[in-house]
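One-letter residues, chain by chain:
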Amino acid sequence: MAIAIALVVIVIGSVVFHLLSPWWLTPLASNWAQMDHTLTITLVITGLFFVVINLFVAYALVRFRHRPGRRASAQPESRRLEHWLIGVSTVGIVLLLAPGLVVYADYVHPPPDALVLEVLGRQWQWHYRFAGAGGRLGRSDARHVSANNPFGLDPDDPLAHDDVLIVGNEVHLPLGRPVKVLLRSHDVLHDFYVPPFRARMNIVPGQVTSFWFTPTQAGRFEAMCAQLCGVGHHNMRGYVVVEAPEAFQAWLGAQTTFAAARAPKPVAAAAVGAAAAGAAPGADALVTQGQALAQSKGCVACHTIDGKPGVGPTWKGLFGKTETLADGSTVVIDEAALKTEIRTPQARLVKGFPPVMPALEMSDDELAALVAYIRAQAPR
Amino acid sequence: MAYDDDAPHHAPQTFLTKYVWCQDHKVIAIQYASTAITVGIVGVVLSNLMRLQLGFPGYFEFINPERYYQFVTMHGMIMVIYLLTALFLGGFGNYLIPLMVGARDMVFPYLNMLSFWVYLLSVIVLMASFFAPGGPTGAGWTLYPPQAILPGTPGHDWGIILMLVSLLIFIVATTMGGLNYVTTVLQARTKGMTLLRMPLSVWGIFVATILALLAFPALFVSGVMMLLDKTLGTSFFMPALLSMGQATGYKGGSPLLFQHLFWFFGHPEVYIVALPAFGIVSDLISVHARKSIFGYRTMVWAIVVIGALSFVVWAHHMFVSGMNPWFGFFFATSTLIIAVPTAIKVYNWVLTLWRGDIHLSVPMLFTLAFLLTFLSGGLTGLFLGNVSVDIPLSGTYFVVAHFHMVMGVAPLLVVFGAIYHWFPKVSGRMLDDRLGRLHFWVTFLGTYAIYFPMHYLGVLGMPRRYYNFDDYAFIPPSAHALNTFITVAALIVGAAQLVFVFNLVWSTFRGARASANPWRAASLEWFTPETPPVHNNWGAQLPVVHRWAYAYGVPGAPEDFVAQNAPPEAGGMEPEAHAGAGKPQEAPA
């Protein structure tokens, strides 16, 4: 009878586990409370079936266990009972499905006044774009992507010129206003996933996908990629800062437009973002700027600074080290070597690592800052 | 009809024709099963390596991100295709169909032999990718383009090519086998074996084979198209895009096209694995509860309806894929409709226990474990099938836990139960009971301990296919501790499978001799003149069937079961087709 006891223990254990579990939904930070409600409805109805059926089995096992001389009943079917069970199951299914579809009807109807945010996913970082004063986003296409045009905006489209570009992994959003997120990729599949918002969608190169939500909690939320996009997938980190509308407007106003980014100078401050822009060009400031760059350019997706294995060589102790290259030759990693690696990553490879490092757009100033940061990870 | 052909074929004479180039369905079944189990062990080892990284991130330096994604991918593909599909259709299908319908062999024995050797070739090609430059593909078992064939994904050169070629070869093997199984069921049933007297095992395998014949072509064409995209630079699935920051020559293709083709295969594939398990478990529960399966005809119809519906639910795998969101309404509805016939099957299994005479043999224990595991996995399917519940859960560990419960562990529990059940017929010896119970308890409780808590990590929002979860603030330390616990459970369950393999090998040579029908089952395969059955199965005369396979507890009969081929006077007929109440005929006093 151990199996009957096991079934009962599993049922009770599962319910207790659920009640005591510290692992459950992250606190909701968007309008999609309905999604949490449908989850709860589903949990209650399915949980009821799980408990009842398993306890019924346990009871049957005890009651009808084999005893000498016992013989099974010969009733092979009961139309009536089967019809009842079909009916009950159908009712259960309708109770599950109906609220789900009602919520989904909301999900496919973004409010017309929603703020439009474009999220650009690329291996392995996030960029963001808002429409400028014109209120409409300019055209973009993979053909236009270049070192100084990561979004692939069409330079001939006047609408593109006032688009606000955020070439970093952090975006700000105003509290309480619906946001329609347009999703775009110029390389592979991604998925912009912020667990507390619930809403999300895959990003598919060659098309624009979308979803909408209204941020209802201020705070800084982690965004992650939830569609396998290669070896750096698990480190494709982004942040969404939800703040008061005034603060958002102030932040947005400090960002760079496409036209400004294409203007000859100064490029460095624009790409690094407001945080590093005001820094004095001292050594520590350079390292700090490099750290910000390592985050915003997505370097940290593959290169650790604590010596843990990553997709690429760890930066801990990298500077000054002698590395063996794929062709068997060796090279001392100094400033020149690092710059060559970053500018032309496919030209030569460190032995044992895959040839997957993208050539990123970077000014000379940015490169110097990044190298200073890598250098700072070497033992003194 | 084949039952006119009572003359036995010539039995093979040499070792080579008897065990290697063999056309006997039983030998081919064993070849299929041994190959599948061997490759399955590789799959289990890969899963344990994966779990080592998740449970103890950073401790094992040789598991770098590339290898991790390669383990994930190969584990998934091996378990779904090369283990479960091959084992249920090629293994159980081959062994059981001719014996259960009273045929001397499959109708195309040569094709059947070819099917196995082509399958073996597909396995060799797959395993070769471990040794190819760059290693096997790490694109995830769904092989989604564009990343599957682009740098940034491990094995994007040789690995993905070998994977696709291996799949194409596998599909050729499955098609050869599948045509055989379907034709044998339709054409080679012995006298009296009407379709509605066939054991549910045969029904499950039969319908699953039809699904395979209809679904695998979708995978075949998508495999060919992706190979062309990879090798010739076509753009079936490849839009204009950049790779590692550089422009490529691709233009105009659609990644979503691949996803539709993949899941048009992929969802029926779930039932290609599940329907044979449904069928087999129905037989196990009936034999070991000594009671006719409850609602046999409803069970048959449920299998057929589930099979048909499985072709119109595929896009529930794509609710957040970026397809037209309006599809969500249709596919959520069709998906939840399929839950009704599936629920009916669960009720009927449970009701078969009611007023039974339940023997808790090892096959029965695995059957009961299947019931709980399948119920759990099926119910979580109602979360993921309901589009707005799926949106936050999609791509998280909730999905991983769900599909492992419903189409990983549940069918494997049936595989184990079935092997303990039919091993005496296959080998003439019993599997060791104590080792069997040890294997059962560790596997059943262990897998539940792995996958039940895993759902909660998914609800928390932890995405699947993550090499590690370092420095994500929303993930509490306790979630990492839970991952460590799951890894320990997975290692224990993995080790327990060695007990099973040992039991198989040991009992084959040293197991207690089995009688011809140790479980006192009523279905035809237990009434071969010899155990194990020899070539041609039935001696000079084919058996004649007089009743269904579920004549248990027949009132007035001398024993508590009546064999399918016992004379009509023994009673125990199937319920009359139009009798309404379905009263069983009693044996004459």
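Fair warning: this is a prediction, and the values are worked out from it, not measured in the lab.

### Let's talk about the overall build of chain A
Alright, step 1. If you tally the helices and strands in chain A, you get 11 helices and 13 strands.
Alright, step 2. Every one of the 380 residues in chain A was classed for burial, and the buried ones make up 44%.
Alright, step 3. If you take every contact in chain A between residues at least 6 apart in sequence, the share linking residues at least 24 apart comes to 67%.

### Digging into the overall build of chain B
Alright, step 1. On a plain count of helices and strands, chain B comes out with 14 helices and two strands.
Alright, step 2. For 589 residues, the compact-globule estimate of 2.2 N^0.38 gives 25 Å, and the C-alpha radius of gyration of chain B, at 24 Å, lies within 12% of that figure.
Alright, step 3. Overall, chain B is about 85 × 50 × 50 Å in size when its C-alpha atoms are taken along their principal axes.
Alright, step 4. Taking all 589 residues of chain B together, the buried fraction comes to 65%.
Alright, step 5. The contacts of chain B with a sequence gap of at least 6 include a subset with a gap of at least 24, amounting to 80%.

### Details of the pairing of strand 8 (residues 209-213) of chain A
Residue and element names in this part refer to chain A.
Alright, step 1. The buried count for strand 8 comes to four of five residues, which makes it a mostly enclosed element.
Alright, step 2. In this structure, strand 5 (residues 179-185) lies alongside strand 8, joined through five bridges in antiparallel fashion. Considered in strand 8, the bridge of V179 is made with F213.

### What about the interface of chain A and chain B?
Alright, step 1. Facing the 89 residues of chain A at the interface are 102 residues of chain B.
Alright, step 2. Secondary structure elements with two or more residues in the side of chain A that touches chain B: helix 1 (2-20), helix 2 (33-63), helix 3 (79-107), strand 6 (190-193), strand 7 (200-203) and strand 9 (219-225) of chain A.
Alright, step 3. For the side of chain A that touches chain B, the element with the highest residue contribution is helix 3 of chain A, accounting for 14 residues.
Alright, step 4. Its residues assigned to classes, the side of chain A that touches chain B comprises 53 nonpolar, 23 polar and 13 charged.

### Some points on the packing of helix 5 (residues 158-187) of chain B against helix 6 (residues 200-231) of chain B
Relative orientation and spacing of two packed helices are given, respectively, by the angle between their axes and the distance between those axes.
Residue and element names in this part refer to chain B.
Alright, step 1. Where helix 5 contacts helix 6, the axes come no closer than 8 Å and their chain directions differ by 150°. What the angle tells us is that helix 5 and helix 6 run roughly antiparallel. In this structure, the crossing between helix 5 and helix 6 has a hand that is left-handed.
Alright, step 2. Its residues placed into classes, the contact of helix 5 with helix 6 shows 21 nonpolar, five polar and one charged.

### Topic: the nonpolar core
Nonpolar side chains in soluble globular proteins tend to be buried together.
Alright, step 1. With 311 residues, the main nonpolar core has B:V202, B:I205, B:A208 and B:A410 as its most contacted residues.
Alright, step 2. In this structure, B:A410 is in contact with B:A277, B:F370, B:T373, B:F374, B:G377 and B:M405, ignoring residues within four places of it in sequence.

### A short note on the environment of A:G290
Residues and elements named next belong to chain A.
Alright, step 1. Counting through the fold element by element, G290 comes out in helix 9 (residues 283-296).
Alright, step 2. Judged by local crowding, G290 falls into the buried class, with 25 C-beta atoms found within 10 Å.
Alright, step 3. In sequence terms G290 and A372 are 82 residues apart; their C-alpha atoms lie 6.6 Å from each other.
Alright, step 4. If we ignore the near neighbours within four places in the chain, the residues touching G290 are A369, L370, A372 and Y373.

### Re the packing of helix 3 (residues 65-101) of chain B against helix 12 (residues 397-427) of chain B
Residues and elements named next belong to chain B.
Alright, step 1. Running from N to C, helix 3 and helix 12 cross one another at 30°; their axes reach a closest spacing of 12 Å. On the basis of their axis angle, the class for helix 3 and helix 12 is roughly parallel. Every pair of crossing elements has a handedness; the one defined by helix 3 and helix 12 is left-handed. Where helix 3 abuts helix 12, its residues M79, L84, L87, F92 and Y95 lie against G408, P411, V415, A418 and V426.
Alright, step 2. Broken down by class, the residue content of the contact of helix 3 with helix 12 amounts to nine nonpolar, one polar and no charged.

### Quick look at helix 14 (residues 477-510) of chain B
Residues and elements named next belong to chain B.
Alright, step 1. Its 34 residues give helix 14 an end-to-end C-alpha distance of 49 Å, which sits within 8% of 50 Å, the value for a rise of 1.5 Å per residue.
Alright, step 2. Within the sequence span of helix 14, burial applies to A479, L482, N483, I486, A489, A490, V493, F500, N503 and S507.
Alright, step 3. The elements touched by buried residues of helix 14 are helix 2 (25-55), helix 12 and helix 13 (433-460).

### Concerning the sheet that holds strand 3 (residues 164-166) of chain A
Residue and element names in this part refer to chain A.
Alright, step 1. As summarised here, the arrangement of the six strands in space is 8-5-1-2-3-11, forming an open sheet in which the pairing is mixed. Of all the strands in the sheet, the pair left with one neighbour each is strand 8 and strand 11 (256-257).
Alright, step 2. In this structure, strand 3 lies alongside strand 11, joined through two bridges in antiparallel fashion. When the bridges of strand 11 are listed, L165 appears paired with T256.

### Here we look at the environment of A:P345
All names here are of chain A.
Alright, step 1. Its place among the elements puts P345 in the loop between helix 10 (335-343) and helix 11 (364-376).
Alright, step 2. Taking the number of C-beta atoms within 10 Å as the measure of exposure, P345 has 18 and is therefore partly exposed.
Alright, step 3. It is 9.3 Å that separates the C-alpha atoms of P345 and L360, two residues lying 15 residues apart in sequence.
Alright, step 4. Apart from the residues lying within four places of it in its own chain, the contact partners of P345 are M357, P358 and A359.

### Topic: the sheet that holds strand 9 of chain A
Sheet strands pair by backbone hydrogen bonding; their relative direction is either parallel or antiparallel.
Residues and elements named next belong to chain A.
Alright, step 1. Taken together, five strands build an open sheet; the order of strands is 4-10-9-6-7 and the sheet is mixed. Each having just a single partner strand, strand 4 (170-174) and strand 7 make up the two edges of the open sheet. Within the sheet, the average angular offset between the axes of one strand and its neighbour, ignoring direction, is 25°.
Alright, step 2. Bridge count between strand 6 and strand 9: two bridges; the pairing is antiparallel. Bridge assignment links F192 to a residue of strand 9, and that residue is C225.
Alright, step 3. In the packing of helix 5 (residues 245-253) onto the sheet, contacts are made with strand 4 and strand 10 (238-243), and the angle to strand 4 comes to roughly 140°.

### Observations concerning the pairing of strand 6 of chain A
Residues and elements named next belong to chain A.
Alright, step 1. Of the two faces of strand 6, the one carrying H190 and F192 and the one carrying D191 and Y193 are both buried.
Alright, step 2. The pairing of strand 6 with strand 7 spans four bridges and is classified as antiparallel. Residue pairing across strands places Y193 opposite R200, the latter belonging to strand 7.

### With respect to unusual backbone geometry
Outside of glycine, negative phi angles account for most residues, and trans bonds account for most peptide bonds.
Alright, step 1. Going from A:Q123 to A:W124, the amide bond is cis rather than trans, its omega being -5°.
Alright, step 2. Along the chain, A:W124 turns up in the loop between strand 1 (115-122) and strand 2 (125-130).
Alright, step 3. A cis geometry characterises the amide bond from B:T531 onward to B:P532, with omega recorded as -5°.
Alright, step 4. In this fold, B:P532 is placed in the segment after helix 14.
Alright, step 5. A positive phi is found at A:R198, a non-glycine position, where the angle reads about 70°.
Alright, step 6. Within the secondary structure, A:R198 sits in the loop between strand 6 and strand 7.
Alright, step 7. Phi is positive for B:R290, which is not a glycine, with a value near 55°.
Alright, step 8. With respect to the helices and strands, B:R290 occurs in the loop between helix 7 (255-288) and helix 8 (296-309).
Alright, step 9. Given 23 C-beta atoms within 10 Å, B:R290 falls into the buried group.

### What to know about helix 12 of chain B
Residue and element names in this part refer to chain B.
Alright, step 1. H421 marks where helix 12 bends most, by close to 40°; the proline P424 follows one to four residues later.
Alright, step 2. Where burial is concerned, most of helix 12 is hidden: 29 out of the 31 residues are buried.
Alright, step 3. Positive backbone phi, at 80°, marks G428, one or two positions downstream of helix 12.

### Focus: the confidence of the model for chain A
Alright, step 1. Residues of chain A with pLDDT of at least 70 account for 94%, and the chain-wide mean is 88.
Alright, step 2. In the predicted structure, residues 266-280 of chain A sits below a pLDDT of 50 and forms 27 contacts with residues beyond four places in sequence or in another chain.

### Let's talk about the environment of A:F221
All names here are of chain A.
Alright, step 1. Here F221 shows up in strand 9.
Alright, step 2. Judged by C-beta crowding, with 21 C-beta atoms within 10 Å, F221 ranks as buried.
Alright, step 3. Linking F221 and V241, residues 20 residues apart in sequence, is a C-alpha distance of 6.3 Å.
Alright, step 4. Sequence-distant contacts of F221, defined by excluding residues within four places in its chain, comprise A29, V194, P196, Y239 and V240.

Reading the values: rules and limits
Residues numbered from 1 in each chain as written. Chains lettered and ligands numbered in written order. Predicted model: local features only at pLDDT ≥ 70, side-chain atom pairs only at ≥ 80, totals over all residues. Helix = DSSP H or I, 4+ residues; strand = E, 2+ residues; numbered from the N terminus. Buried ≥ 20, exposed ≤ 12 C-beta atoms within 10 Å, placed from the backbone. Contact = placed C-beta atoms within 7 Å. Rg over C-alpha atoms; globule rule 2.2 N^0.38 Å. Pairing = 2+ DSSP bridges. Nonpolar A, V, L, I, M, F, W, Y, C, P; charged D, E, K, R; others polar. Axes fitted to C-alpha atoms, helices over the stretch in contact; angles between N-to-C directions. Parallel < 35°, antiparallel > 145°, perpendicular 65-115°, else oblique. Left-handed = near helix turned anticlockwise from the far one by under 90°. Core = buried A, V, L, I, M, F, W, Y, C linked by C-beta atoms within 7 Å. Expected span 1.5 Å × (residues − 1). Bend = angle between axes of the 7 residues up to and from the residue. pLDDT = per-residue confidence, 0-100.

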